[in-house]
Amino acid sequence: MYGLIHKALESMVLSHHGEGTWKKILATSEVESDSFLTMRSYHDEVTFALVGAASQHLNLSTAECLEAFGEYWLMEFAPKNYNMLLKSTGREPIEFLGNLDDLHDHISSAFTEFRPPSFAVEEISETVYLLHYRSSRKGLESFVVGILKGLKKRFETDIEIEVESREQLENGEHVIFQLKFPRLAGD
Ligand code: HEM
């Protein structure tokens, strides 16, 4: 993935756990020191090696580490670096999620080689929605969960998040999340 993602992981570890921990993660991951050029695309193995080493040194499972990273991405990294883009994506969760493909499309002129995920929102009822996440990769479901948990905080809405189904594709996966919103006042 793009070095931007690696920079964000580095920034999470540096701000929450310090430089010593980051040095250990780098040593364990054995990734090249030039793997952090924001606008360069790297093999996914580099990204997964960093996440694997981070989970080891932060004493988290891979899923927990990806989830923490997703929440950090939405709550701290993206607001600091892409705040205008984030703001224009939506003023409430469903609008925001419905515009995620536009968000990634918007930066595709800068990130020319990237393979962004795809998201689609399906309304089941006034309070229940399905979010379809399709990726050309496998294993990033927990990153999405972390971002969704960040969205609950960003929009101060108590959404219940559950995985409804998972389908392995030849190249990637399709995960359907069920999002349950609080009942409307007066219901
Ligand atoms: C302004 C904010 C954002 C920027 C600049 C951004 C940019 C990127 C970039 C550069 C990648 C790497 C793709 C690659 O190297 O092939 C990526 C991946 C990804 N992004 Fe975003 N993104 C943003 C917000 C979001 C949000 C809000 C979500 C919500 C769920 C999201 C979900 C993902 C996921 C799941 C991936 C992993 C790739 C995959 O699933 O295959 N991103 N994004």
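Residues numbered from 1 in each chain as written. Predicted model: local features only at pLDDT ≥ 70, side-chain atom pairs only at ≥ 80, totals over all residues. Heavy atoms only, no water.

**With respect to the coordination of the iron atom of the ligand**
Part 1 of the reasoning: What the protein offers the iron atom of the ligand as a donor is a single atom, His104 (NE2), at 2.1 Å.
Part 2 of the reasoning: As for its placement among the helices and strands, His104 is situated in helix α7 (residues 100-106). (Donors = N, O, S within 2.8 Å, 3.2 Å for Na, K, Ca; no water. Helix = DSSP H or I, 4+ residues; strand = E, 2+ residues; numbered from the N terminus.)

**Brief notes about the site of the ligand**
Part 1 of the reasoning: Around the ligand there are 24 residues in total, and His104, Arg115, Tyr133, Ser135 and Arg137 lie nearest to it.
Part 2 of the reasoning: Take Arg115: an N or O atom from its main chain is 2.9 Å from an oxygen atom of the ligand.
Part 3 of the reasoning: Take Ser135: an N or O atom from its side chain is 2.6 Å from an oxygen atom of the ligand.
Part 4 of the reasoning: Its atoms largely coinciding with the cavity grid, the ligand occupies the largest pocket.
Part 5 of the reasoning: Among the secondary structure elements, those contributing two or more residues to the shell around the ligand are α4 (62-81), α7, β2 (128-135) and α8 (141-154). (Near = heavy atom within 4 Å. Polar contact = N/O pair within 3.5 Å; in protein donor to acceptor, adjacent residues only side chain to side chain. 1 Å grid on protein atoms, 1.4 Å probe; cavity = no way out; pocket = protein on both sides within 12 Å on 5 of 7 lines; lining within 4 Å. Sits in = over half its atoms within 2 Å of the grid points.)

**A few points about the sheet that holds strand β3 (residues 160-169)**
Part 1 of the reasoning: Spatial strand order, β1-β2-β4-β3: four strands in an open sheet with antiparallel pairing. Only two strands of the sheet have a single partner each, and these edge strands are β1 (118-123) and β3. Taking the axes of each pair of neighbouring strands and ignoring which way they run, one obtains an average angle of 20° across the sheet.
Part 2 of the reasoning: Pairing geometry for β2 and strand β4 (residues 172-180), over eight bridges, is antiparallel. Each bridged residue has a counterpart across the sheet, and for Tyr129 the counterpart in β4 is Leu179.
Part 3 of the reasoning: Against the sheet, α8 contacts β1, β2, β3 and β4, and its axis sits at roughly 25° relative to β4. (Pairing = 2+ DSSP bridges. Axes fitted to C-alpha atoms, helices over the stretch in contact; angles between N-to-C directions. Contact = heavy atoms within 4.5 Å.)

**Re helix α1 (residues 3-17)**
Part 1 of the reasoning: For α1, which comprises 15 residues, the first-to-last C-alpha distance of 20 Å matches the rise-based estimate of 21 Å (1.5 Å per residue) to within 8%.
Part 2 of the reasoning: Listed in full, the buried residues belonging to α1 are Gly3, Leu4, Ile5, His6, Ala8, Leu9, Glu10, Met12 and Val13.
Part 3 of the reasoning: The secondary structure elements touched by the buried residues of α1 are α2 (19-29), α3 (44-57) and α4.
Part 4 of the reasoning: Just downstream of α1 lies Gly18, where phi reads positive at about 95°. (Expected span 1.5 Å × (residues − 1). Buried < 20%, exposed > 50% of the residue type's maximum accessible area, 1.4 Å probe, protein only.)

**Here we look at the packing of α1 against α4**
Part 1 of the reasoning: Relative orientation of the contacting elements α1 and α4 amounts to 90°, with a least axis distance of 10 Å. In terms of their interaxial angle, α1 and α4 are classed as roughly perpendicular. Contacts from Leu4, Ile5, Lys7, Ala8, Leu9, Ser11, Met12, Ser15 and His16 in α1 reach Ala68, Phe69, Tyr72, Trp73, Glu76 and Phe77 in α4.
Part 2 of the reasoning: Here the residues of the contact of α1 with α4 are counted per class, giving 10 nonpolar, three polar and two charged. (Parallel < 35°, antiparallel > 145°, perpendicular 65-115°, else oblique. Nonpolar A, V, L, I, M, F, W, Y, C, P; charged D, E, K, R; others polar.)

**So, the packing of α1 against α2**
Part 1 of the reasoning: At a minimum axis separation of 7 Å, α1 and α2 run at an interaxial angle of 140°. If you check the angle between α1 and α2, you find them oblique. The residues of α2 that touch α1, namely those facing Leu9, Glu10, Val13, Leu14 and His17, are Glu19, Thr21, Trp22 and Ile25.

**What about unusual backbone geometry?**
Part 1 of the reasoning: Phi at Glu30 takes a positive value of approximately 55°, unusual for a residue other than glycine.
Part 2 of the reasoning: Looking at where Glu30 falls in the secondary structure, it is placed in the loop between α2 and α3.
Part 3 of the reasoning: We note that Asn59 has phi near 55°; this positive angle belongs to a residue other than glycine.
Part 4 of the reasoning: For Asn59, the location among the structural elements is in the loop between α3 and α4.

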